[in-house]
Amino acid sequence: NPFAESKITVEKGIITINNLKMLDLKARDISSDFKIEKNILKMSDIAANSYSGFINGKAAYDLSNGHLDFDISGKGIDIKNSLYDLCKIEDNLAGRADFNAKLSMNTGDYNTVLKSLNGNLQFNATNGRMGTLGKFEYYLYAQNLLYHGILNATLNRIANMLVHDN
């Protein structure tokens with residue numbers, strides 16, 4: 001990490017980004033106030049347009065170890081396209097979402113992020129629609145339910161009765 005040993009200080013700055021693609025997530029017209037002190041990039045008044053909605057919030061990124069904390073809210077976000085870009089779930093959910101996310105993670109590769117991800121996410125979907133994800137047999141096959149030994153045999157029998165072959 002090139003920032004591990006450095007002592008960078010920026011008292012006040014403004015970030016503006018026209019278009020951003022991080023992994024497969026997209027945002028545009030991004031702006032934020034920022035400062036760097038003790039190797040921590042602190043961004044406040046973050047504002048962006050993303051997936052036909054609006055995002056705002058704040059974040060802190062430790063330049064020396066890659067730890068990220070953020071508190072972000074979104075309004076009117078397109079569920080179908082954002083969910084596909086985030087986790088490649090296709091044609092299962094649609095509508096608009098408002099959300100609040102207060103999360104903490106270590107950055108790096110995908111597995112590092114998933115293993116260290118911690119916090120709270122709340123969302124409210126409006127004008128929504130569930131595709132195949134909402135079918136009852138998907139819940140019966142859910143890995144977290146089948147993981148419990150007692151439920152496994154019973155749920156498999158029920159699921160097999162409900163699922164029909166085409």
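Every chain is numbered independently, its residues counted from 1 as its sequence is written. In view of the model being predicted, local features appear only for residues whose pLDDT reaches at least 70, and side-chain atom pairs are presented and counted only at 80 or more, with totals across whole chains, interfaces and linings using the full set of residues. As a rule here, side-chain values come from all non-hydrogen atoms in the structure, and water together with hydrogens is ignored.

Q: Is there a simple way to explain the confidence of the model for the protein in this structure?
A: Interpretation of this model should avoid reading the predicted coordinates in detail wherever pLDDT is low. Every residue gets a pLDDT, meaning the predictor's confidence in that residue, from 0 to 100. Across the protein, the average pLDDT comes to 80, with 75% of residues at 70 or higher. Here a residue-residue contact requires only that any non-hydrogen atoms of the pair lie within 4.5 Å. Counted against residues more than four places away or in other chains, residues 148–152, with its pLDDT under 50, gives two contacts. A low-confidence stretch, residues 162–166 stays under pLDDT 50, and its non-local contacts, those more than four residues away or across chains, total four contacts.

Q: Sorry, what's going on with the nonpolar core here?
A: Burial of nonpolar side chains together is a common tendency in soluble globular proteins. Membership of the largest hydrophobic core is limited to eleven residues, which are Ile-46, Tyr-51, Ile-55, Ala-59, Leu-68, Phe-70, Ile-72, Ile-77, Ala-101, Leu-103 and Met-105. Elements represented by at least two residues in this core include exactly strand S4 (53–62), strand S5 (67–78) and strand S6 (93–106). Elements are defined by DSSP. Helices are runs of H or I of four residues or more, strands are runs of E of two residues or more, and each kind is numbered from the N terminus. Examining the composition of this core, we find that four residues originate from one element, S5, more than from any other. Apart from the residues lying within four places of it in its own chain, the contact partners of Phe-70 are Lys-58, Ala-59, Ala-101, Lys-102, Leu-103 and Met-105. Among the buried residues, those of types Ala, Val, Leu, Ile, Met, Phe, Trp, Tyr and Cys that are joined through side-chain atoms within 4.5 Å form a nonpolar core. For every residue, the accessible area obtained with a 1.4 Å probe (protein chains only) is divided by the maximum for its type, and the residue is called buried under 20%, exposed over 50%, and partly exposed between those limits.

Q: How should I be thinking about helix H1 (residues 79–87) in this particular structure?
A: Along H1, the positions that sit buried rather than exposed are Ile-79, Ser-82, Leu-83 and Asp-85. All buried residues of H1 fall inside an arc of 165° around its axis, so they share one side. Buried positions along H1 lie against strand S2 (25–37), S5, S6 and strand S7 (118–130). For H1, the side-chain oxygen to backbone nitrogen distance between the N-cap and Lys-80 is 3.0 Å, and the N-cap itself is Asp-78. Of the residues one or two after H1, Lys-88 is the one with positive phi, at around 60°. Arc definition: directions from the helix axis to the C-beta atoms. We define a polar contact as two N or O atoms separated by no more than 3.5 Å, with the added condition that, inside protein, one atom must be a possible hydrogen donor and the other a possible acceptor, whereas residues neighbouring each other in sequence contribute only through side-chain atom pairs.

Q: Got a minute to help me understand the side chain of Asp-62 in this structure?
A: Take Asp-62: it is sitting in strand S4. Discounting residues that sit within four places of it in the chain, Asp-62 has contacts with Asn-39, Ile-40 and His-67.

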